[in-house]
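So the chains spell out like this:
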Amino acid sequence: MLVLSGLFVIAAGFLLRFNPLLVIVVAAAVTGLAAGLDPLAVLATFGKAFNDTRYVTAVYMVLPVIGLLERRGLQARARTLVAGLRGATVGRLLGGYMIFRQLTAALGLTSVAGPAQTVRPLVAPMAEAAAERQTGGTDDAEQVKAMAAATDTIALLFGEDIFIAIGSILLMKGVLEGYGIVLEPLQLSVWAIPTAIAAFLIHGTRLWWLDRRLARRRAR
């Protein structure tokens, strides 16, 4: 029963609002010691777990870099760049980003862009700057940010299924084989292309309507 003491540590830590990461580490250490492991064995287990899942923790090395770039004026530079482009609108900017995101996702490069890597530090500020040029104000900033995030999500969701080695394709293949339907991953990927095109057209229409609404606001 002492092995379950880690659960008590987790419950108490969260109840007292301690740092979640610290609570998890302490709970794991308590569980290991209660199970009869010596401190070095517990430390070795932590190291093995970190090494086995290092691809998950890679984001913690990227985020400080992005934060440093933002502190040095990355968002301001992005806004200045768009402000100097003639004909730049929110719809055109996000439409171009959606094409880029879908194509890279279709090639399996799902981590090339994303909310943390590109949307927050680059795409959203650029879209805000374009909206300010279109309307002369900042009243639509929150909606533009939301549309930038939605563009990334939709492009990734419907673009990654074209890549034959993505998890969703392999999952569908396994489920279908369980019902006696044998399909190759390439067959599933090919049929994902029309869906991706439809997603682009539908979301592209939403971006076009957003441009029209912003243009009407400026006309007033």
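Here the structure is a predicted model, which is why all the values come from computation and not from measurement.

Summed over the entire model, instances satisfying the criterion amount to three salt bridges. Between Arg101 and Asp152 there is a salt bridge, and its shortest N-O distance comes to 2.8 Å. Of the two residues, Arg101 sits in helix H7 (residues 90-106) while Asp152 sits in helix H9 (residues 141-159), which places them 51 residues apart along the sequence. The exposure class assigned to Arg101 is buried, which follows from its relative accessible area of 1%. Since its relative accessible area comes to 2%, Asp152 is described here as buried.

Okay, the packing of H7 against H9 next. Look at H7 against H9: their axes get within 8 Å of each other, and the N-to-C directions meet at 25 degrees. Here H7 lies roughly parallel to H9, going by the angle between them. Crossing geometry of H7 relative to H9 is assigned as right-handed. Along its contact with H7, which presents Val90, Leu94, Tyr97, Met98, Arg101, Gln102, Ala105 and Ala106, the element H9 presents Val144, Met147, Ala148, Thr151, Asp152, Ile154, Ala155, Leu156, Phe158 and Gly159. For the contact of H7 with H9, the class distribution of residues is 13 nonpolar, three polar and two charged.

One non-glycine residue, Arg17, adopts positive backbone phi at about 60 degrees. Relative accessible area serves as the criterion here: at 77%, Arg17 is assigned to the exposed category.

What follows is about helix H2 (residues 20-34). Along its 15 residues, H2 runs 21 Å from first to last C-alpha, staying within 8% of the 21 Å computed at 1.5 Å per residue. What H2 keeps buried is the set Val23, Ala27 and Gly32. Mapping the buried residues of H2 onto a view down its axis gives an arc of 160 degrees, with all of them on the same face. Those residues of H2 that are exposed and aimed more than 90 degrees away from the buried face are Leu21 and Leu22. After H2 finishes, the residue Gly36 shows a positive phi value of roughly 100 degrees.

A few words on H9. Across its 19 residues, H9 extends 27 Å between first and last C-alpha, which sits within 8% of the 27 Å expected from 1.5 Å per residue. For H9, the full list of buried residues reads Ala141, Val144, Met147, Ala148, Thr151, Asp152, Ile154, Ala155 and Gly159.

What follows covers the environment of Val9. As for its placement among the helices and strands, Val9 is situated in helix H1 (residues 5-15). Not counting residues up to four positions away in its chain, the partners in contact with Val9 are Val23, Val26, Ala27 and Val30.

Our next topic: the side chain of Asp152. Only 2.5 Å separates the side chain of Asp152 from the side chain of Tyr97, close enough to count as a polar contact. Leaving out residues up to four positions away in the same chain, Asp152 has contacts with Tyr97, Arg101, Ala113, Gly114, Pro115, Thr118 and Val119.

As a further point, take the packing of aromatic side chains. Inspection of the entire model under this criterion finds two aromatic pairs. Between Tyr97 and Phe100 the ring centres are 6.4 Å apart and the planes differ by 40 degrees, which places this aromatic pair in the tilted class. In this pair, Tyr97 and Phe100 both sit in helix H7, three residues apart, roughly one turn of the helix. Look at Phe100 and you get partly exposed, because its relative accessible area is 39%.

Each value, and the rule that gives it
- Residues numbered from 1 in each chain as written.
- Predicted model: local features only at pLDDT ≥ 70, side-chain atom pairs only at ≥ 80, totals over all residues.
- Heavy atoms only, no water.
- Salt bridge = Lys/Arg side-chain N within 4 Å of Asp/Glu carboxyl O.
- Helix = DSSP H or I, 4+ residues; strand = E, 2+ residues; numbered from the N terminus.
- Buried < 20%, exposed > 50% of the residue type's maximum accessible area, 1.4 Å probe, protein only.
- Axes fitted to C-alpha atoms, helices over the stretch in contact; angles between N-to-C directions.
- Parallel < 35°, antiparallel > 145°, perpendicular 65-115°, else oblique.
- Left-handed = near helix turned anticlockwise from the far one by under 90°.
- Contact = heavy atoms within 4.5 Å.
- Nonpolar A, V, L, I, M, F, W, Y, C, P; charged D, E, K, R; others polar.
- Expected span 1.5 Å × (residues − 1).
- Arc of directions from axis to C-beta.
- Polar contact = N/O pair within 3.5 Å; in protein donor to acceptor, adjacent residues only side chain to side chain.
- Phe/Tyr/Trp six-rings, centres within 6.5 Å; stacked < 30°, edge-to-face > 60°.

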